[in-house]
Amino acid sequence: MQSPNQDKSLHEESGSEVNRRVLIVGAGVIGCNLAYELTKRGAAVTVIDAAEVASATSSATFAWVNAYNKTPAEYNKLNVLGLEAHERASRTFGSESHWFHQIGNIHIAQTPEEMAALKRKAEHLVSTGYRASVLKAGDVLELEPALDPERISGGVLFPHEGWIDTFMMCSSLLHAAREAGAVFLSYETVTSISSTGITTKRPDGSTRQHEADVTILAAGNGNRPILATADITFPTVDSARRHDTTSAGRPSVGLISTTGPVDSGIRHIVQGKDIALRPDRNGGVTFTDSPTGGQWGLQDPRIWSVPNLLLERAKRLYPSLAEATTETVRLGTRVLPEDGLTIADWIGGSRSIYAVATHSGVTLSAHLGNVVAEEVLGGQRHPSLDSFGLSRFAS
Ligand SMILES: Cc1cc2nc3c(=O)[nH]c(=O)nc-3n(C[C@H](O)[C@H](O)[C@H](O)COP(=O)(O)OP(=O)(O)OC[C@H]3O[C@@H](n4cnc5c(N)ncnc54)[C@H](O)[C@@H]3O)c2cc1C
């Protein structure tokens, strides 16, 4: 693992202020990428988390890196940059960046009608420069021989997509940042924020003040309550209110289930009309609840029928899963800005608090870590962030 200070070329190029004190609240995919990028540029970084590294939404994610179905155009572009940033990180870290599994995604069609629609979509994506190849049924089966041939009409391959082992990415980047001097404080909850820093509470009830030149909020669904302590309304959907079924309308709670280790023969991310699946770090297969997601809140017992439903759907596609059983189920609450896009911006005029909140955060994390670090230390806002400021919520 390359430590941030070893990358002298980038440090020199950035021309950034060295030893600026930066607090990062949140050790998820966003906070850990930021910690790495800021330390690399010479900042004195402290990361604070109410729990452990990659323990919140970043642990309950399908973690698919893609720019597929992302609208509007600026958001699509941001996701393309996200994918490219992970590719660059893989080259930088070499074999040690084993968190980006760039195995490609095959979207399968099970009927000629589905194939026709998929083909149109692929042609559109290719016209925008996105890499995609239309496959006949035989091509799909050559790439994914464990699929049941009776159920396949064709498909589209997106060869540059992949999935991130989020625990591996977060812990490796945080480790590299710490080796270069960053400090990580786990189990400290931020209870208030001001322009000079934050107050935290520890499990034993004690409190601490942390001062900084800049505090970056990368606390996912925690950003909103933290800013509320300073009477600032942060425009993400209130996660405390969307766990019940009455606040329906947004797919905020998602379910990820994983089998135990199994010789499934699954080689790619595979998307069907009612399931998406991929290999996982335990040697099993992970499923996501698309399009079941968001129908039921956390309090609704029907949500627990989803893992069985997903396993049944997967078994129909892959006979090799016949004996597989569900080993873990994770429920994740999406981090959702009110318009479903990304927020990366200063809070107020003093330039002492910056906040990042986004869905698709796994895809975007390496790019956001890079450009937000540059903005916070160097003062220059990357053009890809132009549409993702807070001013769009002003009305
Ligand atoms: C079911 C599901 C599927 C998804 N699939 C994909 C996908 O395929 N591809 C993709 O790109 N994205 C996907 N996402 C979205 C992605 O997972 C999130 O955008 C991303 O994980 C958000 O990361 P984060 O670092 O912003 O937040 P988090 O991972 O939530 O991290 C925030 C951290 O802040 C800490 N924190 C919160 N409040 C406080 C406080 N007061 N004091 C101190 N610490 C605090 C928390 O403990 C946590 O560790 C999915 C999400 C879900 C739920």
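Just above, that's the structure.
Thresholds applied
Residues numbered from 1 in each chain as written. Predicted model: local features only at pLDDT ≥ 70, side-chain atom pairs only at ≥ 80, totals over all residues. Heavy atoms only, no water. Pairing = 2+ DSSP bridges. Helix = DSSP H or I, 4+ residues; strand = E, 2+ residues; numbered from the N terminus. Axes fitted to C-alpha atoms, helices over the stretch in contact; angles between N-to-C directions. Contact = heavy atoms within 4.5 Å. Near = heavy atom within 4 Å. Polar contact = N/O pair within 3.5 Å; in protein donor to acceptor, adjacent residues only side chain to side chain. Areas by Shrake-Rupley, 256 points an atom, 1.4 Å probe, with all protein chains shown as cover. Nonpolar A, V, L, I, M, F, W, Y, C, P; charged D, E, K, R; others polar.

The subject of this paragraph is the sheet that holds strand E19 (residues 342–346). Strand order in the open sheet formed by 6 strands is E9-E2-E1-E13-E20-E19, and the pairing between neighbours is mixed. Bordering the open sheet on either side are strand E9 (183–185) and E19, each of which pairs with just one other strand. Going across the sheet, the axis of each strand differs from the next one's by a mean of 15°, ignoring polarity. Relative to strand E20 (residues 353–358), E19 runs antiparallel, the two being bridged by 5 bridges. Each bridged residue has a counterpart across the sheet, and for Ile343 the counterpart in E20 is Ala357. With respect to the sheet, helix H2 (residues 29–40) is in contact with strand E1 (21–25), strand E2 (44–48), strand E13 (214–217) and E20, its orientation differing from that of E1 by roughly 165°.

Attention now goes to the environment of Ser239. Locating Ser239 in the fold gives a position in the loop between helix H7 (223–228) and strand E14 (253–259). Along the backbone, Ser239 and Gly272 are 33 residues apart, and their C-alpha atoms lie at a distance of 29 Å.

With that out of the way, let us pick up the sheet that holds strand E10 (residues 189–194). With respect to topology, 3 strands assemble into an open sheet ordered E10-E11-E12, the strand pairing being antiparallel. Where the open sheet ends on each side, the last strands, each with one partner, are E10 and strand E12 (207–211). Across the sheet, the mean angle separating the axes of adjacent strands is 25° when strand polarity is ignored. Pairing geometry for strand E11 (residues 197–201) and E12, over 5 bridges, is antiparallel. Among the inter-strand pairings, Thr200 is bridged to a residue of E12, identified as Arg208.

Now for the site of the ligand. Of all residues adjacent to the ligand, which total 35 residues, the nearest are Asp49, Ser58, Val190, Gly361 and Thr363. Within the contact set of the ligand, an oxygen atom lies 3.2 Å away from a backbone nitrogen or oxygen of Ile30. Between the ligand and the protein, one listed contact pairs an oxygen atom with a side-chain N or O atom of Asp49 at 2.6 Å. When the ligand sits alone it has 1,000 Å² of accessible area, and the protein chains cover 93% of it. Listing elements by their share of the shell around the ligand, those giving two or more residues are H2, E10, E14 and helix H9 (361–378). It is H9 that contributes the most residues to the shell around the ligand, 3 residues altogether. The residue makeup of the shell around the ligand, split by class, is 16 nonpolar, 16 polar and 3 charged.

Worth remembering: the numbers are spatial, not functional.
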